[in-house]
Amino acid sequence: MSSLSLSRRQALLAAPAMLAAPAIAQAQPRAVKLGIIQPVTGALAQDGEYGRLGAELAIADINAGGGIKALGGAPIEMVFGDARSTPDGGVAEVEKMQAEGVLAIVGGFASPICLAASQAASRYDLPYIVDVGVSDQIVSRGLANTFRFGPGFGTVTATALDNLVAINDAAGKPARSAVIVHEDGLFGSGMARLLNAELPKRGFQVLETIAHPTPSRDMSNVALRIRALNPDLIIPSSYYAEFVLLSQTLQQRRIRPKGIYCILNGAASNFRFVREFPEAANLVMDCNHWADPRKPKTAELRRRVEAQNRFWLYNVPLNYSAVMLFADALERAGRADRGALIQALAATGPAFDRHIMPYGPTQFVNGQNQGGKPVNTQVQNGDIKVIFPRDFADAQPIYPVTG
Amino acid sequence: MTIRETLPILGFLVAAVLVSLFVTSNVVLNFLVFTLILAIAAQGWNLLGGYGGQYSFGHAAFFGMGAYVSAILQQRFGVNAYPAVAFGIAAAALLGYAIGAMVFRAGLRGSYFALVTLAFAEVLRILANATEITGGAAGLLISLNLGAGNLQFANRSSFLILAAVLLAIAMLITLALEKSRTGAQLVAVRENEAAAAALGVDILAVKLRAISLSAALTGAAGALYAQYFLYIDSNIAFGTWISVEALLAPIIGGAGTVFGPLIGALILQGLSEGTKMLIGRIPGIDLIIFGVLLILVVRFPLHRIPGLIAARWRGKGAP
Amino acid sequence: MGYPPEILLEAVANGLLIGAVYGLVALGLTLVYGVLHIINFAHGALLTLAMYAAFVAHGAFGLDPYAAMIPLAGLFFVLGYLVQRLVIGPASRGDDSNMLLVTLGLSIIIENAMLAIFRSDTMTIRLPYAMSMVELGDVLLSVPRLIGFGVTLLMALLLFVLMTRTDTGRAIRAVAKERTGAALVGIDVAHIYAVTFGIGTACLAIAACLLLPSFYVSPRVGNAFVLVAFTIVVLGGMGSVTGALLGGLFIGVVESLSGLYFGDSLGQIGIFLIFILVLLLRPTGLFGARA
């Protein structure tokens, strides 16, 4: 059974692996196996698919560039597992990857999956790099094997709040009132709680906090209440489909606040949304994971993604960078050994530059990259621009929205 | 209930112990532990649905109750795992009784009963997602605390033995029920409620006993899940996935039989994992095959043949 | 928290409009239940399939969803007929629990076939009138939703006429009430089962066309409506066309108002609590026959 699955999985990346073999008359370096777990079926299939894409692009780039030099040019071989959008599915894949002898695992996407899978991996001291999963619990369990390159929930919400205040201040404080709309899951609820506690201290009045389920069948009443309250700002934190419904409904009812400031929104930093709903998307701001627009690799990756008829989302650069982190740590570790890899990962510093995220200097504390931060984007002229912070911005915020 | 009748169950237990001792593949062990957890949940459903004929679509309510009460007691009140799990099971049983009292007294049956249980599970799911004590949307993480004293084991084989023991107990309870007066009354209610009532069976009491026991078993599965994965949230604990698993397995394996839930769980999980091997570049193909196989298994229930043979053999020797 | 009357009025109006679509989705389900006595697990997946069909009709053939309603209804009637006649019927051989499993298997196949063909992306179509609103005093109503409301009423009326005035309708009701007796008087039960399933699926096709302008399509889009459809079927009485329609409107308003007062998330509880209460107090539903 396991040899059958091996051959199927090897078929996944045979081409780049062969490309990476150095043309020297010596023994072919053994491929390094990297486990990639993503939920490509079930409720989270959309994010899982793009996460896988990001990982594949990174592995292709590494192999095309000569593989892992410290291991004699060893190519990376992807061992892919479908988490089936459940934590037990993720755990089953971890076990299979362990049996296949992977050196590390990247992925998971959803916090419950990441929590369960990284826990299972810790039994084998198997390094686990979380791609998205923002729950703070992921890095607070004292597991030496678990790393997260991107920001956690606490950082995202604190940064979102700070940036909102900064953007508002810079524009002369046009907004004083806000309505929060959030999905009733982990980050939506937590974000709403934090904002309710902090916004009043920074001079904002929260008129109402509206929680909605995922999936939602209708946003008419949410729009109705927003219209009645007439806030200066709407702060939505929802998944893709629900924000599409909300923004369409807002557009229908001609509700135009001074700003729509999204946080970790599934649609606002998603090019499909921008393409399909240009009017609704225009000038919507988001505080989210996003790629560094200044790095040339970002534009190149985006072209390759769009050439495949897919859209540019944050899952791709995040997973790309996570795999690059693995490769970078492996180079420094110098040998295909899990313990050495964990140490190298923990020791990763600002010199790690093959990632394309707009982060501060890389430094891991308890597995969390302290440099990881979200950035603010805004849809302008059918494009998603980074508007804040200044170091990474490629456009100015257009705020408040008038007319 | 004679020793002879319990032999298959003891046989299963011995087999499970042997597997845990000699199988080293953690892939297989993890698969088996998860499958047995589902089988325990299904065993609970089977009591009410298979024997009692009351098909519940909301057994997640009991699964989640067992999981959450056990987890909350451990995490928020520092209670040791063993009493916590026991309380979880008791809470699930109580919930079963409460729901039964409301629903059976109103005379709900058949599809109405099925859907009202679904509604209860949904209400609990929404509440668990919104309240503080359950951890709300962030879920509940049970602190890693390895040791038999905390019902957390470093190796999968120990969990397998634990799950097998719990399932064996559940099967023994099912067998005992089958042979008892309550069991006979339960089956009578399933076959023809009016006739049973005419014969003097206290319909309400029988159903209440069944649902409480059923809920306790499924609650035990929930508590075990929490100990194994150490993380639950409202969708894991009260989601429709577990309600569906709990009812699918007995129906496939043979509703109203002692081994039905286990056989069904093994078939379902086996098919699911088996088709996963076929995963390719295009997601979803493996699950299409799983759906097709599921329909085929229903159409050609070859796995029922051993059970039919066994029943025929027993029937020949029965007094 | 008190709300001014205009808000309440618009919330009720919104509830009625979305409730009509719920009712249409529930119509197919209630017929299938009332006649075949099975809870159709594949209902959500069939709705998903219908929405993809409407999506493709628009993308590949330029058909406006409203124009596609009739051809798709016909197509899905045939599809439903064949699925019941060739797959569900033979596989389950009349056993209720087998039918559950088979429809569940079907739902898995359909959902993942859509995933494999269309990928997981959430997709929408743009229509010029999708954004239009109608103003009735202070109340704003969405045009696609209004059309949906009208069509649903029409469908309910048509079905009612079908069930009460035509031979097929009488045959369906006969099979629903007493299958063996119906067979004895010469009604082809397997055929009637398939016709009923076909009608149910056709209703879904129409519901999909009504939903698409203001909604989206993804491999799991239908699932969002299943639970609420089941609730309405039981509430309105299994097998009752009037019940499905009125139940849908009722649930739509309940959902709207409880969303207003408890937030859309917690407000979902309103639907299920009402459901539980109705069942405890009036087990056969508002318009149903015996359990």
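For clarity, every value in this text was computed on a predicted model and none was experimentally measured.

1. What to know about the overall build of chain B
Helix and strand content of chain B: 14 helices and two strands. Here the C-alpha atoms of chain B give a radius of gyration of 19 Å, agreeing with the 20 Å that 2.2 N^0.38 yields for 319 residues. Burial status across chain B gives 57% buried among its 319 residues. Across chain B, the fraction of contacts at a sequence separation of at least 24, relative to all contacts at a separation of at least 6, is 76%.

2. A look at the overall build of chain A
Each helix and strand counted, chain A has 14 helices and 14 strands in total. Computed over its C-alpha atoms, the radius of gyration of chain A comes to 21 Å, within 12% of the 22 Å expected for a compact globule of 403 residues. Reported as C-alpha extents along the three principal axes, the dimensions of chain A are approximately 70 × 40 × 35 Å. In chain A, which comprises 403 residues, the share counted as buried stands at 62%. Counting only contacts in chain A whose residues sit at least 6 apart along the sequence, the fraction spanning at least 24 positions is 69%.

3. Considering the pairing of strand β10 (residues 285-288) of chain A
Residue and element names in this part refer to chain A. Residues M285 and C287 line one face of β10 and the alternating positions D286 and N288 line the opposite face, and both faces are buried. Examined bridge by bridge, strand β9 (residues 259-263) and β10 share three bridges and lie parallel to one another. Bridging from a neighbouring strand, C262 pairs with D286 of β10.

4. Here's the deal with the interface of chain B and chain A
Each partner contributes residues to the interface: chain B has 25 residues there, and chain A has 27 residues. Secondary structure elements with two or more residues in the side of chain B that touches chain A: α2 (26-51) and α12 (260-276) of chain B. When residues of the side of chain B that touches chain A are assigned to their parent elements, the largest contribution, five residues, is made by α2(B). A per-class count over the side of chain B that touches chain A returns 15 nonpolar, seven polar and three charged.

5. A short note on the confidence of the model for chain A
When pLDDT is averaged along chain A, the result is 90; 93% of the residues meet or exceed 70. Across residues 19-25 of chain A the pLDDT falls below 50, and counting only partners more than four positions away or on other chains, this stretch makes eleven contacts in the model.

6. Quick word on the nonpolar core
Counting residues in each nonpolar core, the largest one holds 369 residues, and the members touching the most others are A:L34, B:I37, B:I40 and C:A50. Both of domain 1 (2-150 + 294-369) and domain 2 (154-288 + 375-388) of chain A provide at least three residues apiece to this core. Other than its neighbours up to four places away in sequence, A:L34 contacts A:I59, A:I76, A:M78, A:V79, A:V102, A:L103, A:A104, A:V106 and A:F326.

7. A short note on the interface of chain B and chain C
In this complex, chain B contributes 34 residues to the contact, which on the side of chain C involves 33 residues. Among the elements that make up the side of chain B that touches chain C, the one with the highest residue count is helix α5 (residues 110-130) of chain B (twelve residues). Across the side of chain B that touches chain C, the residue classes break down as 26 nonpolar, five polar and three charged.

8. Re the packing of helix α3 (residues 60-77) of chain B against helix α4 (residues 81-105) of chain B
Think of two packed helices as two axes; the pair is described by the angle between the axes and how far apart they sit. Residues and elements named next belong to chain B. In contact at an axis separation of 7 Å, α3 and α4 are set at 145° when each is read in the N-to-C sense. Of the two elements, α3 crosses α4, and the hand of that crossing is right-handed. Along its contact with α3, which presents A61, F62, M65, G66, A67, V69, S70, L73 and Q74, the element α4 presents A81, A84, V85, F87, G88, I89, A91, A92, L95 and G96. Split into classes, the residues belonging to the contact of α3 with α4 amount to 14 nonpolar, five polar and no charged.

9. Notes on the packing of α2(B) against helix α9 (residues 203-229) of chain B
Residues and elements named next belong to chain B. Running from N to C, α2 and α9 point in directions that differ by 165°, and their axes come no closer than 7 Å. Overall, the two elements α2 and α9 adopt an arrangement that is roughly antiparallel. Handedness of the α2/α9 crossing: left-handed. Contacts between α2 and α9 involve V33, I37, I40, A41, Q43, G44, W45, L47 and L48 on the former and, on the latter, A210, I211, L213, S214, A215, L217, T218, A220, A221, L224, Y225 and Y228.

10. Thoughts on the sheet that holds strand β13 (residues 375-380) of chain A
Adjacent strands of a sheet pair through backbone hydrogen bonds, lying either parallel or antiparallel. Residues and elements named next belong to chain A. Read from one edge to the other, the open sheet built from seven strands follows the order β7-β6-β8-β9-β10-β13-β14, with strand pairing classed as mixed. If you trace the sheet from one side to the other, it starts and ends with β7 (205-212) and β14 (383-388), each paired once. When strand polarity is set aside, the average angle formed by the axes of neighbouring strands in this sheet is 25°. Of the pairings in the sheet, the one linking strand β6 (residues 177-183) to strand β8 (residues 233-237) comprises five bridges and is parallel in character. Looking at the pairing, V179 lines up with I234 of β8.

11. Topic: the domain arrangement of chain A
Residue and element names in this part refer to chain A. Taken domain by domain, chain A consists of domain 1 (2-150 + 294-369) and domain 2 (154-288 + 375-388). Inter-centroid distance (C-alpha atoms) of domain 1 to domain 2 is 31 Å. Residue composition of the side of domain 1 that touches domain 2, by class: six nonpolar, two polar and one charged.

12. A closer look at unusual backbone geometry
Residue and element names in this part refer to chain A. Residue T214 is joined to P215 through a cis peptide bond whose omega torsion reads 0°. Its location among the elements puts P215 in the loop between β7 and α8 (220-229). Here the amide bond leading from Y399 into P400 is cis, since omega sits at 0°, within 30 degrees of zero. Turning to its location among the elements, P400 is positioned in the segment after β14. Even without glycine at this site, S85 takes up a positive phi of about 60°.

13. Looking at the pairing of strand β1 (residues 32-38) of chain A
All names here are of chain A. For β1, a buried count of seven out of seven residues is recorded, marking the element as mostly surrounded by other parts of the structure. Burial along β1 is two-sided: V32, L34, I36 and Q38 facing one way and K33, G35 and I37 facing the other are all buried. Bridging between β1 and strand β2 (residues 76-82) involves seven bridges; their strand directions are parallel. Residue I37 lies in a different strand from β2, and its bridge partner there is G81. The pairing of β1 with strand β3 (residues 104-107) spans four bridges and is classified as parallel.

14. Concerning the environment of C:M133
Turning to its location among the elements, C:M133 is positioned in strand β1 (residues 133-136). According to the C-beta neighbour criterion, C:M133 is partly exposed, with 15 such atoms within 10 Å. Once you skip the residues sitting within four places of it in the chain, C:M133 turns out to touch A:Q252, A:R253, C:L140, C:L141, C:S142 and C:V143.

15. Some words on the confidence of the model for chain B
Residue and element names in this part refer to chain B. Looking at chain B as a whole, the pLDDT averages 91, with 97% of positions reaching at least 70. Looking at the elements of chain B, mean pLDDT is at its lowest for helix α14 (residues 304-317), recorded as 67, and at its highest for α3, recorded as 97. For this predicted complex, the interface confidence reaches an ipTM of 0.91, while the overall pTM sits at 0.91.

16. Here we look at helix α4 (residues 96-118) of chain C
Working note: α-helix, 3.6 residues per turn, so residues spaced by three or four point in the same direction. All names here are of chain C. The end-to-end C-alpha distance of α4, which contains 23 residues, comes to 33 Å, matching closely the 33 Å that a straight helix rising 1.5 Å per residue would cover. Of all 23 residues making up α4, 18 are buried, and the element is well covered by its neighbours. Two residues or fewer after α4 comes R119, characterised by a positive phi angle close to 65°.

17. What about the environment of C:R145?
All names here are of chain C. Topologically, R145 is positioned in helix α5 (residues 143-165). Overall, the presence of 24 C-beta atoms within 10 Å leaves R145 in the buried class. As for R145 and T166, which are separated by 21 residues in sequence, their C-alpha atoms are 30 Å apart. Not counting the four nearest positions on each side in its chain, R145 is found in contact with L17, I18 and S214.

18. A closer look at helix α8 (residues 189-211) of chain C
Taking 1.5 Å per residue as the helical rise, α8(C) with its 23 residues ought to reach 33 Å, and the 33 Å between its terminal C-alpha atoms agrees with that figure. In terms of burial, α8(C) is a largely internal element, 20 of the 23 residues being buried.

19. Concerning the environment of B:L266
All names here are of chain B. Along the chain, L266 turns up in helix α12. Overall, L266 belongs to the buried group, with 20 C-beta atoms counted inside 10 Å. Measuring from C-alpha to C-alpha, the distance between L266 and G253 comes to 8.9 Å, with 13 residues separating the pair along the chain.

Criteria and thresholds
- Residues numbered from 1 in each chain as written.
- Chains lettered and ligands numbered in written order.
- Predicted model: local features only at pLDDT ≥ 70, side-chain atom pairs only at ≥ 80, totals over all residues.
- Helix = DSSP H or I, 4+ residues; strand = E, 2+ residues; numbered from the N terminus.
- Rg over C-alpha atoms; globule rule 2.2 N^0.38 Å.
- Buried ≥ 20, exposed ≤ 12 C-beta atoms within 10 Å, placed from the backbone.
- Contact = placed C-beta atoms within 7 Å.
- Pairing = 2+ DSSP bridges.
- Nonpolar A, V, L, I, M, F, W, Y, C, P; charged D, E, K, R; others polar.
- pLDDT = per-residue confidence, 0-100.
- Core = buried A, V, L, I, M, F, W, Y, C linked by C-beta atoms within 7 Å.
- Domains from an automatic or database assignment.
- Axes fitted to C-alpha atoms, helices over the stretch in contact; angles between N-to-C directions.
- Left-handed = near helix turned anticlockwise from the far one by under 90°.
- Parallel < 35°, antiparallel > 145°, perpendicular 65-115°, else oblique.
- Expected span 1.5 Å × (residues − 1).

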